[in-house]
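What follows is the residue order along each chain.
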Amino acid sequence: MKSKKYFDKVAPQWDKMRQGFFSEAVRNKAFFIAGVQKGEIAADIGAGTGFVTEGLIREGLQVIAVDQSEAMLEEMKRKFASIEGIDYRLGEAEKLPILDEAVDYAFANMYLHHVVSPQKAIKEMVRILKSGGKLVITDMDEHEFEFLKDEHHDRWMGFKRKDIREWFEEAGLKNVIVDFADECCCAQSSCGDDYARISIFVASGER
Ligand SMILES: C[S@@+](CC[C@H](N)C(=O)[O-])C[C@H]1O[C@@H](n2cnc3c(N)ncnc32)[C@H](O)[C@@H]1O
């Protein structure tokens, strides 16, 4: 099953699944590092059902939420039907449906390990940032839990922080910081005793 099909299928359960994987502390850390300001505009890339979007709206930002999965976006639209300030866009990592230099921030939580080319995905997120805009990615450190590929359609088994730093710098970002997000991603295998507890990094850089 392709990743898009997988996320279309799990969309109605995603919020519940997500609560078991990681907590709100991840998005709070990302917002703190970005220094989000009320009234600004942010992109939530690989938005899913709106975990990051929800937090950004609470902080008073406007959000462009992008995802490849119609079902995930539909679920988010249903949840946030009464909320203004969210622009929902169906789109792919390598060709985001956002103009150049359009947003103050780009956030991507637990998205990078699903894309075919993390480097291209990072460059594409940098393209949509205004000058001085910030990219903040939260994702898993490199790990050895193969079952996440089979059961959750992960493409990459996390990342080395030094690679992330290199890709941010190659994409033209300055003031790059890659650090522990003080959070872990936890998952129980559904066909065995394997239990994954993987540290989450937070990577930030400024255009
Ligand atoms: C693990 S979920 C995370 C969702 C959300 N960011 C969260 O924290 O709950 C990954 C999301 O990225 C989306 N995604 C994966 N690959 C993508 C791609 N190539 N282009 C756009 N979205 C993608 C999936 O459809 C899914 O909604």
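Look up a bit, the structure's there.
What this report covers is the structure whose coordinates are included nearby. Note that the structure is predicted; figures quoted are calculated from it, not measured. (Residues numbered from 1 in each chain as written. Predicted model: local features only at pLDDT ≥ 70, side-chain atom pairs only at ≥ 80, totals over all residues. Heavy atoms only, no water.)

1. A few points about the site of the ligand
Then step 1. Near the ligand, the surroundings consist of 19 residues, among which Trp14, Gly46, Asp67, Ala93 and Asn109 are the closest.
Then step 2. In this structure, Asn109 approaches the ligand through a side-chain N or O atom, which is 2.8 Å from an oxygen atom.
Then step 3. When its residues are assigned to classes, the shell around the ligand shows nine nonpolar, seven polar and three charged. (Near = heavy atom within 4 Å. Polar contact = N/O pair within 3.5 Å; in protein donor to acceptor, adjacent residues only side chain to side chain. Nonpolar A, V, L, I, M, F, W, Y, C, P; charged D, E, K, R; others polar.)

2. A look at the sheet that holds strand E3 (residues 86–90)
Then step 1. With mixed pairing, seven strands are arranged side by side in an open sheet as E3-E2-E1-E4-E5-E7-E6. Of all strands in the sheet, those bounded by a partner on one side alone are E3 and strand E6 (174–188). Averaged over all pairs of adjacent strands, the angle between strand axes in this sheet comes to 15°, irrespective of strand direction.
Then step 2. Strand direction decides the pairing type here: E6 and strand E7 (residues 195–206), joined by 10 bridges, are antiparallel. Pairing of Ala187 across the sheet is with Ala196, part of E7.
Then step 3. Contacts from helix H5 (residues 70–79) reach strand E2 (62–67) and E3 within the one sheet, and its direction differs from that of E3 by about 165°. (Pairing = 2+ DSSP bridges. Helix = DSSP H or I, 4+ residues; strand = E, 2+ residues; numbered from the N terminus. Axes fitted to C-alpha atoms, helices over the stretch in contact; angles between N-to-C directions. Contact = heavy atoms within 4.5 Å.)

3. Observations concerning the packing of helix H6 (residues 118–127) against helix H8 (residues 161–170)
Two quantities define a packed helix pair, namely the angle between the axes and the distance from one axis to the other.
Then step 1. The geometry of H6 relative to H8 is characterised by a closest axis approach of 9 Å and an angle of 45° between their N-to-C directions. As the angle between them shows, H6 and H8 are arranged oblique. The element H6 and its partner H8 pack so that their crossing is right-handed. The segment H6 lies against H8, with Pro118, Gln119, Ile122 and Lys123 engaging Trp167, Phe168 and Glu170.
Then step 2. Each residue belonging to the contact of H6 with H8 can be placed in one class, and the counts come to four nonpolar, one polar and two charged. (Parallel < 35°, antiparallel > 145°, perpendicular 65-115°, else oblique. Left-handed = near helix turned anticlockwise from the far one by under 90°.)

4. Digging into the packing of aromatic side chains
Then step 1. Under the counting rule described, the total for this entry stands at nine aromatic pairs.
Then step 2. Between Trp14 and Phe21, the ring centres sit 5.7 Å apart and the planes meet at 55°, which makes this aromatic pair tilted. Each member of the pair Trp14 and Phe21 is classed as buried.
Then step 3. For the pair Phe31 and Phe107, a centre-to-centre distance of 5.4 Å together with 80° between the ring planes defines the contact as edge-to-face. (Phe/Tyr/Trp six-rings, centres within 6.5 Å; stacked < 30°, edge-to-face > 60°. Buried < 20%, exposed > 50% of the residue type's maximum accessible area, 1.4 Å probe, protein only.)

5. Points about the side chain of Glu151
Then step 1. Structurally, Glu151 is set in helix H7 (residues 147–152).
Then step 2. Despite being buried, Glu151 has no salt bridge partner; Lys9 is the closest side chain of opposite charge, sitting 11 Å away.
Then step 3. Among residues more than four places away in sequence, those in contact with Glu151 are Tyr6, Gln188, Ser189, Ser190 and Cys191. (Lys, Arg positive; Asp, Glu negative; His and termini not counted. Salt bridge = Lys/Arg side-chain N within 4 Å of Asp/Glu carboxyl O.)

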